[in-house]
Every structure is written in structure tokens, then in C-alpha cells.
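# Understanding the architecture of this molecule
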Amino acid sequence: MPVAERPIATTCAEQGSSRGALGHVRICDFSGQLAGAGATKFLAAFGAQVIRIEDPVRQGRWDILRGAPPFPDERRGINLGGGFNNHNTEKLGITLNLRRPRGRELLERLVRICDVVAENFAAGVMERLGFGYERLRELQPDVIYVSNSGFGATGPYRRFKTWGPIVQAVSGLTFTSGLPDREPAGWGYSYMDHTGGYYMAIAILMALYHRARTGEGQWVDMACTEAGATLNGPAILDFTVNGHPMRRPGSPHSNRHEWPPMAPHGIYPALGDDAWIAIACRDDVDWRALAGVIDRPFTREARFADLAGRLAAQDELDAALVGWTGEHDEHAAARALVAAGVPAAAVARPEDRIERDPNTAEWGLWPEVEHRMMGRVRVDGLPVHLSRTDWSIARGAPCLGEHNERVFCELLGLGRDELDALRADGVI
Amino acid sequence: MAGPLEGVRVLELAHERTAFAGKLLADAGADVRLLEPPDGCAQRRHAPFAGDHPDPERNLSFWHYNTSKRGITLDVETPRGRELAGALIGLVDVVLEGEDPGWLTAIGVDATAELARNPALVWVSITPFGRSGARAHDPATDLTLLASGGPVWSCGYDDHSAPPVRGGGNQAYHTGAHFAVMALLVALIERQRSGRGQLVDVNIHAACNVTTEFATYEWLVAHGTVQRQTGRHASLARTPPTQARCADGRYANTGVPPRTPEQFRRLRQWLVDLGLVEEFPEIFLLDMGMERDHIDWSSVGKDEELTAIVAAGRDAIVLIAARLPAVDFFRQAQERGIPVGVIYAPEEVLDDPHFRARGFPVDVEHPELGRTVTYPGAPYRFTGTPWRLSRRAPRLGEHNAAVYGELGLTSADLVALRAQRIV
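### Re the overall build of chain A
- Broken down by element type, chain A carries 18 helices and 12 strands.
- Taken over 428 residues, chain A has a buried fraction of 57%.
- Contacts in chain A between residues far apart in sequence, at least 24 positions, make up 68% of those at least 6 positions apart.

### Here's the deal with the sheet that holds strand 9 (residues 232–235) of chain B
- Taking strand neighbours across the sheet as the criterion, the 3 strands line up as 6-8-9 (chain B) in an open arrangement whose pairing is mixed. Since the sheet does not close on itself, it has two edges, and those belong to strand 6 (155–156) and strand 9 of chain B, each with one partner.

### Some details on helix 14 (residues 330–339) of chain A
Residue and element names in this part refer to chain A.
- Listed as buried for helix 14 are Glu330, Ala333, Ala334, Leu337 and Val338. Viewed along the axis of helix 14, the buried residues span an arc of 130 degrees, placing them on a single side of the element.
- On its buried face, helix 14 sits against strand 8 (276–280), helix 11 (284–294), helix 13 (314–325) and strand 9 (344–346).
- At the C-terminal side of helix 14, Gly341 shows a positive phi close to 95 degrees.

### With respect to the domain arrangement of chain B
- For chain B, the assigned domains are domain 1 (9–211 + 357–419) and domain 2 (251–342).
- The C-alpha-based centres of domain 1 of chain B and domain 2 of chain B are spaced at 46 Å.

### Here we look at the domain arrangement of chain A
- Domain annotation of chain A identifies domain 1 (9–230 + 363–424) and domain 2 (265–355).
- One C-alpha centre belongs to domain 1 of chain A, the other to domain 2 of chain A; they are set 42 Å apart.

### Observations concerning the packing of helix 1 (residues 19–27) of chain B against helix 8 (residues 171–194) of chain B
Residues and elements named next belong to chain B.
- With their axes 8 Å apart at the nearest point, helix 1 and helix 8 run at an angle of 45 degrees to one another. Accordingly, the angle class assigned to the pair helix 1 and helix 8 is oblique. The two elements helix 1 and helix 8 cross, and the hand of that crossing is right-handed. Here Phe20, Ala21, Leu24 and Leu25 of helix 1 come into contact with helix 8, specifically with Tyr173, His174, Ala177, Ala180 and Val181.
- For the contact of helix 1 with helix 8, the per-class residue count stands at 8 nonpolar, 1 polar and no charged.

Conventions we followed
Residues numbered from 1 in each chain as written. Chains lettered and ligands numbered in written order. Predicted model: local features only at pLDDT ≥ 70, side-chain atom pairs only at ≥ 80, totals over all residues. Helix = DSSP H or I, 4+ residues; strand = E, 2+ residues; numbered from the N terminus. Buried ≥ 20, exposed ≤ 12 C-beta atoms within 10 Å, placed from the backbone. Contact = placed C-beta atoms within 7 Å. Pairing = 2+ DSSP bridges. Arc of directions from axis to C-beta. Domains from an automatic or database assignment. Axes fitted to C-alpha atoms, helices over the stretch in contact; angles between N-to-C directions. Parallel < 35°, antiparallel > 145°, perpendicular 65-115°, else oblique. Left-handed = near helix turned anticlockwise from the far one by under 90°. Nonpolar A, V, L, I, M, F, W, Y, C, P; charged D, E, K, R; others polar.

Right, dumping it as C-alpha cells:
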């Protein structure tokens, strides 16, 4: 249950009277997958009206998650992808065939009433569709246009294509995740699709803030590989200033911690199959507390008493520590160390952190949404709470064209008969 | 031209958990006042140092995370320090802090009280587990947050006798910072209309939890548990490798193997152009791939011929990778419309012609060194309100005179405060 000082959106009194902190913002959203959809999901949770535009001919399959597993039950189909639902909560969905003049005309009318146009196509696709920034600006002079591609709109690689793992590879993040004398471990998920989406949301919000002050819109050209390359700053400076490369024997060793140095610091086997515990001793106080908990002969050795000694014999220290961790349940061991003030954590399986962690439960981190075809499904919530205008995630992702009537009739003023004709003509 | 956040004033209480959020704001043009204790914040004291010489003014982490900020000093734990902290808060739009929950209240700088005094203030707390709750006071580091929050479970090697891996670079803190900036911008935009501020509570552990892609929604939707694999997505069932060792010993991500006739044609042509046909007797399978309409992914493993075709596509890419340096493999593949990626070390990114052509490496003046230092540049290109590294990180107390001047303090006042170790 949420704690009292942290009202969650569904119970927040002020939320009921308005559409949330971004209730005045309307977004024409071509984005998809995660790198784009994640950005507009955040904005929609704060009340922005996000209108997803999908291609009726390909049934929205540009977004490969639309019909991809996991599925909540035995049913399959373009409206039943679990990932798609997760990333597109609180959005409206319409279909529009931009190969048709009438489709393009309707898009023009939509752009005229939107504040933001967001997309994460490969660079140049919007230009080819006839809706590059110059055209968008003709339609809506103060439009905010945010494009998020792998390598950006300029430069020798502008036509190169990426998805999360390729972005991570090129930006240095795959390399910096790994153990010595092995190939890179990289990331077991698209960290840069998530994070590219965060940067895209930041870009949209910064541009909105500026526009409210000055009336000026603008284009933001985002290259996901550049965003990723900003996430290893100290390592880059250690090279540009000191000439120390990360690519050297024994490096990286990313379960250890060099800056600031800590020891012991690592991920150690625990009792049981594929069970692991992470332990970080930040200083000698942590070390003495850890020694008090585990109380083995090695913890009394003088050479481990101070940080310099522990760093100098880190391999032996780790081997000795494994003698203790390997005999303990990772959750019980982590609890004992944390109680003594030592940073420690079981390497949580999804079930551990979703079903049994008081922190995610208290936070309300897994809201349940209502999806028109899937029914009630839990999704990722947001790791922030605002005291006055918090987020709300209650509606599932739109089915293909689910909000055609609402957008074309209520927003653009088309009649029901016109809508039927558009449908019959394959425009929507 | 100024950045998009020109005019936004931020007071950041220096902390490893706030530093990146403050940098994102400062590089976007906000006036970020970094408040450190009079003897400097903890981040100045550990390696790496410029020239490997320990010196709080030459700390490379501090340099990176504090570009474009101004620096002031204050001992907020003294009565006069508390009073001045209150006055400094009165000057700003946003307070950004990452202290352990309850510590600021205990020393008399309480968020609720400050919000009552300053109704337009946005107060942002970035903490390991949020400001309250069962785990609010648990000790935590980047490593333990990534382990408890989910990312570590998904990262590592096919070989499960090796431990799962924590991705380097303090990414838990980065993810917390990304959400902090997103949320405080929402609060600032809302304030443009309502005139009112609020409290923003950022939970780094929760941020890690919702930054794990399939791992979370496989469980939420279907109660499936993904398993880690070398260099590729953790998955319910083993998937084929996507990392290959290149001729120079470096690795590349080989992407998704070909699945359309056009992709098979391009791959085949590449083998021909490299003179590798003789070494790849399975080339006939690529020909068969060109004759298929589309590869039905779900039939791989069931349809024997199709499985062989897909495997041949992958093998051909691995063969080519083994014959080319990683960068050449990457560029040639992409130029042929086959998306793969070179696995660069961080320092190699800045040397790449694409990133140089876009001006990604940025030289910043360091007058004390008599040279410039090259930093990673813009994560996004604002065409109207440029992102900018406006200055190197502040020296300790560098902007005391200017900032305390806004409170009417004179240089004589500052000398007196300095003598008492309050600034």
C-alpha cells in the first residue's frame, strides 16, 4: 500500500479535476518499439494526450512488439503483445495510410493541433514521407519535433540501422559490462532502448519548457549511440586526460568497483542453483561490520584490515568470501549484512522483486491496467512520485485503430459517415 | 543562443546520486549551484585523477559529472550554515538532493518546511529506495541496487558457473538521474501553469526495476523467468549467439541473421566480394534463402530446411567477421544494409569518424592546466537552444562571491564565514 505522504495518482484528489500535469500537451506519436514508445509512455502517464499513428496496411507491424510474446493467455495477435501493452499504456491509437493523399491530408490536420511530433524511425524516413521538420513547421510554426535514431540525422553513419544491442555495442556500453579474460557480457536487455526513451522524453520536456517561455518550437535530433556514449564519462576522461584505455589486459572487471575503490565488491555464489549475492564494502567500517556478521578466520587477518590491503589481495579475499556466501541462502545472507549496515543484495529473480520486495509493492510499481482485449494486466509503473500531480497508469495500450472515432470525429470534426468511407477506402 | 533551461535556477547538494541529474540540467542551460561542504564533496577524493596525482581539483569523475555548474561551499550542519541554506533555497526553482532519507530533516533543512515557505519550489530527492518505506534506510550502492533491482539477473554469460554481471559505469545512478530529470521537468512545466511547486520523490531501485525490458513483463504477463546469455537478451529459452570475434581480436554484435530474400542476396554478394565463396560450401543454403518469400521465425527448429538456411546466414556472418577487423566488419555490413555493431571500448567512440563529424567529442577549457580536455558531448541536439558544456566543473567555492552576493553578503562577510569554516 502507498504510504500516506505519497499519494498515488488514482487516489489523488487533484488528478480527478484535471488531466494531470501535462494535460495541456498533445503529441502526434509515430514512435514505437521501446526506444520511442517508452518516452511517450512517461508523458502519457502524466496526462499528455499521446496519439499513436499506425499503418493500417501493415497492421501496425512496424512495431514488432505489437504481436510479439509474451501473451497473457493462449491467444495470439497484433493486439495481444505483452511488451506492446507495457510500453503504450494511456495512449490513444489511430490508423492512417500515408500512401494515400487523403491520409496525408488528415495527418496534416492532426499536426496542426499537436504540440509535439515524436518518432524513432531510421533517420530520413520522415523526410521521405514528406513530413520532415520543414514541412511540419509549415503546418505548425511552433512545433516541437523530436527524432530519435541510432546515429542521428547527420554524419557518415546516418543511414546505418540499429536496435538496442547494436547501440550498446557501438556506444561502449557492451564492452564495459564483463569479466576479465572473457568476451563482453553486455546487457541482457535493451538498456539503450529504455535509456534512449528517457533521453527522448527529457528532450521533449525541455523543448516544451522552452516553448512555454518563448513561443519557440524546435527540432531535436537525437542519436541513441551518442546518448549511450555519455554514460561512461569518467572512463573516457581517464583516456583523454591520462591516456589510460579501458581496453587493456584484465579490464573491464565490472563486478568490481574502481572509482571509488571498494573491496570486497562483487557478486558471489550462494547456496542453491544459480543463486548469487552482491556485496559492497565501501570502507573499513563496512568491512568490520561484515567481519562481525560472518566471523571467519580470514576476517581477522591483518592484511585485510584496511582498504589498501584488501585491494592488494582482492582475488584471495573474494575466494575466502565465497567460502561463506556459498553456504548461505542469498536472501538471508543479504538481510544479515544489511542489518549490520553493509550494502548487500540477493541477485533478484523477476519473481523476487515483483512479488516479494516490499519496496516495489509499497511504491505501487506494478499498476494493473485494463486492456480492451487482454483484460487486466500488470505493467511497469514509474519510479517517481510527485506530491501534487502524480502519474496515473490505468488504461492499457490501444488496439489497432481503437481510437479512430475519438480522434477523427471528436478532435478533427469528421462525421461518422466520413469515417466509414475512410475505412472502406483503406485510408484508416 | 542559450540552452532550453535558461533561467532555471537549481541548488544541488553535492552527492554521487545527484551529480548526473545536475549535469543534465546544467548542460541544458540551467544555473546549477553545486553546494559542497567547505572541504569539498566526497566525489573529489577518489581516483581517477588527472595525471594520477591525488588532488581534489583534478578529479576526473568530479570533472565529468559537474560540467557547466557553479560551485559554492557551506557547512549546513552549523546553525549559521542552516540559516544560509534556507536563504539559498529561497533563490532557486529546484532543490536537488540525494541524502539518505531523514538526514536533512535531522539537521534542520526539512523538505516539507521548505516547500511550505516556498510554495513554488520543486524539491527533488534521489534516494536508493524512496523517501520512506520498509527499505528506505537500507545501505546500498550502484552494485546492490542493480542486483536487487533486476538488471544483474539478466546480464552475464551462457556459462552459468560464472557470476551474473553488473554493467559498468554506475548505471543505476544514471537511471535514477534520468527519471529525476524527467520528473522535475514535468513539475516545472506544471508550475508554468499553476505557479506551484511540489515534492518529487525518485526511487533508484524502482528505476532499475522498470529498466529491465522482457525480464519484468515476461513475469508480469506470463510468469516466465528469463535466463542470462552472453552478449544478448536474456530469454526463456536459449537463443543463438549474436557476438563474433573479429580478425583483430575485437568483438562485434552480429545482429539478427538475414530473413528476407534481399538480405540473403546482400550477404551472398558480400561473400563473393571478399573471395570467401570457396571457404563457405553452404553458400547454396543462402541461394535457397533468396528463393524463400520470407523466413517464418516461428518455424525455426521445426522446419529442417529452414533451420539450415537460417544457420547458414548466421555462419556466413561469423565467417566474414573472423576475416575482417571489427570496425571494417561493422562499416561494410552496414553499408550493405546488414545491421551489425562494432563493440567499442568507451575511449574508441570518440575517435570514430562519425562521432567526430557530428562534433560529439567536446573540448573544454581548463585554464589552470593551460589546456583543453576532451569530454563526451551532447546526448541530444537541440537545434534552437543548443546543449552546451558551458564551463569545466567548478573549483571548490569558486562562485561563493557571486552566489552569496545575491544574498547581499560582502567579501568581508565571506572572509569571516571562511574563518569559521562555515563556507
